[in-house]
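Observations on the model geometry
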Amino acid sequence: VIVLAGLALFNRIVTLGKGLEETTNELFGPLLESTLWQVRAAEYAGSLAVLGSVVALAVQIQSGASMDGLSGIDISLCRAIRDL
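What this report covers is the structure whose coordinates are included nearby.

Conventions we followed
- Residues numbered from 1 in each chain as written.
- Predicted model: local features only at pLDDT ≥ 70, side-chain atom pairs only at ≥ 80, totals over all residues.
- Heavy atoms only, no water.
- Patch = residues over 30% accessible without salt bridge, like charges linked within 9 Å, V, L, I, M, F, W, Y side chains within 5 Å.
- Areas by Shrake-Rupley, 256 points an atom, 1.4 Å probe, with all protein chains shown as cover.
- Salt bridge = Lys/Arg side-chain N within 4 Å of Asp/Glu carboxyl O.
- Helix = DSSP H or I, 4+ residues; strand = E, 2+ residues; numbered from the N terminus.
- Buried < 20%, exposed > 50% of the residue type's maximum accessible area, 1.4 Å probe, protein only.

1. Considerations on a nonpolar patch on the surface
A cluster of nonpolar side chains, contributed by Leu48, Leu51, Val55 and Val59, occupies part of the molecular surface with about 390 Å² of accessible area. The topology assignment puts Leu48 in helix α3 (residues 33-62). The class for Leu48 is exposed, based on a relative accessible area of 60%.

Here's what the structure looks like:
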């Protein structure tokens, strides 16, 4: 989800501010309003997912979590919770 949302944001940057709705209209021609509504909703949900993941990562860094690898998961904390 985050990769696709990132690609949607990348599309907005590359097309100089055009959203997925405008890009879809250019590629496929005029579409039904219900389809465009779904495209807009997916773009907003994706943007929210990217923003949420960045905020979650910032909170983990500020709280001093030791993250292993690129996953952003503190393995020691997961083990401690599991062993409760």
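The rest of the description comes next.
2. Remarks on the pattern of salt bridges
If charged atoms from side chains of opposite charge come close, those side chains can pair. Tallied over the full model, the rule gives five salt bridges. Arg40 is the partner of Glu33 in a salt bridge, and the nearest nitrogen-oxygen pair spans 2.9 Å. For Glu33, a relative accessible area of 51% translates into the label exposed. Between Asp83 and Arg82 there is a salt bridge, with its nearest N and O atoms 3.5 Å apart. Take Asp83 and Arg82: they sit in the same class, and that class is exposed. Overlapping salt bridges, with partners in common, bring together Glu21, Glu33 and Arg40 in one network.

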